[in-house]
Amino acid sequence: MAAAQFVTALNFAGEFELLSLSAMNTQVGAAKKGGLVFVRNGKLKMHPEIYDHLSLISISSICAGSVYFHGRDKIAAEIVNLPYSDGLLNLEGAEEDYMAFKRLCSPVSRFFLLQAKKVQWSAILSTFRFFMMEGVWDVVNFVAHALHQADADVLACAQLLESMQKQEWYTGFCQSLHNFHASRYPLSKAGLESELPEMA
């Protein structure tokens, strides 16, 4: 879900320039995949938090697909059982995205000398928790609807953000972004480990 990528990327709007959004084509062999297009100043140094930002944006479409497939209530109830709740992460048609996500997690796991699996599940749980925050899923639905209603195949992020700023929920959403960012950053080994303390 491209809408989920955009909403997640708004957490890191200070690091990336969000350019455009287009509906994702999930059909196998599709020439145009769609999704979020964004850039970062190439002169800026890459560091673990940037890779973490990218991994959260990457996995957000899969997490959102799982919320859409299972329903928000089930995800909220089952999140405490992750990663041990089999089948909750809906990977159908998203295997390539999942592999890309795992590659983005590698620099973080190397930097903090942590198991790759632990870093991956920390990112997945964090993204699910973001979507469970008050009002965030409603914003994903708002963006998805705007994308569906758009005259063009591609929607400019600036235009979309302008539309969002006129909504009465926008101030509360900004607070959710702030709270999420404060709950995850700065990244630390202890913080990443505390997500899954019982993982071998």
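Residues numbered from 1 in each chain as written. Predicted model: local features only at pLDDT ≥ 70, side-chain atom pairs only at ≥ 80, totals over all residues. Heavy atoms only, no water.

**Q** Looking at this model, I keep getting lost on the overall build of the protein. Mind explaining?
**A** Helix and strand content of the protein: nine helices and three strands. Listed by position from the N terminus, the elements making up the protein come as α-β-β-α-α-α-α-α-β-α-α-α. Counting the 200 residues in the protein, one finds 45% classified as buried. Considering only residue pairs separated by 6 or more positions, the protein has 71% of its internal contacts joining residues 24 or more positions apart. For the protein, the exposed surface amounts to about 10,600 Å²; the carbon and sulfur share of it is 53%. (Helix = DSSP H or I, 4+ residues; strand = E, 2+ residues; numbered from the N terminus. Buried < 20%, exposed > 50% of the residue type's maximum accessible area, 1.4 Å probe, protein only. Contact = heavy atoms within 4.5 Å. Areas by Shrake-Rupley, 256 points an atom, 1.4 Å probe, with all protein chains shown as cover.)

**Q** Is there a simple way to explain helix α7 (residues 157–165) in this structure?
**A** Residues Cys157, Leu160 and Met164 constitute the buried set of α7. Around the axis of α7, the buried residues are gathered within 60° of arc, so they sit on the same side. Counted as exposed and oriented over 90 degrees from the buried face of α7: Ala158 and Gln159. On its buried face, α7 sits against α1 (2–9), β1 (17–22), β2 (35–39), α6 (136–149), β3 (154–156) and α8 (170–184). (Arc of directions from axis to C-beta.)

**Q** How should I be thinking about the nonpolar core in this particular structure?
**A** Of all hydrophobic cores here, the largest spans 61 residues; its most connected members are Phe6, Phe131, Val143 and Met164. Listing elements by their share of this core, those giving two or more residues are α1, β1, α2 (48–70), α4 (95–111), α5 (116–132), α6, α7 and α8. Not counting the four nearest positions on each side in its chain, phenylalanine 131 is found in contact with Ala4, Thr8, Ser60, Cys63, Ala64, Arg72, Val136, Trp137 and Val140. (Core = buried A, V, L, I, M, F, W, Y, C linked by side-chain atoms within 4.5 Å.)

**Q** Any chance you could explain the packing of α2 against α4 here in plain terms?
**A** Helix-helix packing is described using two parameters, namely the angle between the two axes and the distance between the axes. The interhelical angle for the contact between α2 and α4, taken along N-to-C directions, is 155°, at an axis separation of 9 Å. One finds that α2 runs roughly antiparallel with respect to α4. Where α2 crosses over α4, the handedness of that crossing is left-handed. Where α2 abuts α4, its residues Pro48, Tyr51, Asp52, Leu54, Ser55, Ser58, Ile59, Ser61 and Ile62 lie against Asp97, Tyr98, Ala100, Phe101, Leu104, Cys105, Pro107, Val108 and Phe111. Among the residues making up the contact of α2 with α4, the classes are represented as 13 nonpolar, three polar and two charged. (Axes fitted to C-alpha atoms, helices over the stretch in contact; angles between N-to-C directions. Parallel < 35°, antiparallel > 145°, perpendicular 65-115°, else oblique. Left-handed = near helix turned anticlockwise from the far one by under 90°. Nonpolar A, V, L, I, M, F, W, Y, C, P; charged D, E, K, R; others polar.)

**Q** Just checking my understanding: could you explain the pairing of β1 for this structure?
**A** The pairing of β1 with β2 spans five bridges and is classified as antiparallel. Looking across to β2, one finds that leucine 21 is bridged to leucine 36. Direction of pairing for β1 relative to β3: antiparallel, over a ladder of three bridges. The residue of β3 that forms the bridge with serine 22 is valine 154. (Pairing = 2+ DSSP bridges.)

**Q** Would you explain unusual backbone geometry in this entry?
**A** Trans is the common state for peptide bonds, and a negative phi is the common state for residues other than glycine. Looking along the chain, the bond that leaves tyrosine 185 and enters proline 186 is cis, with omega of 0°. If you trace the backbone, proline 186 turns up in the loop between α8 and α9 (189–195). Positive phi outside glycine occurs at leucine 113, with the angle close to 55°. In this structure, leucine 113 sits in the loop between α4 and α5. Residue leucine 113 is classed as exposed on the basis of its relative accessible area, which comes to 69%.

**Q** How do you make sense of the confidence of the model for the protein when you look at a structure like this?
**A** Fine structural detail should not be taken from predicted coordinates in areas where pLDDT scores are low. Mean pLDDT over the protein works out to 88, with 90% of the residues at or above the 70 mark. α9 is the least confidently modelled element of the protein, averaging 85 in pLDDT, while α8 averages 96, the highest of any element. Throughout residues 26–32 the model reports pLDDT below 50, and contacts reaching past four residues in sequence, or to other chains, amount to three contacts. (pLDDT = per-residue confidence, 0-100.)

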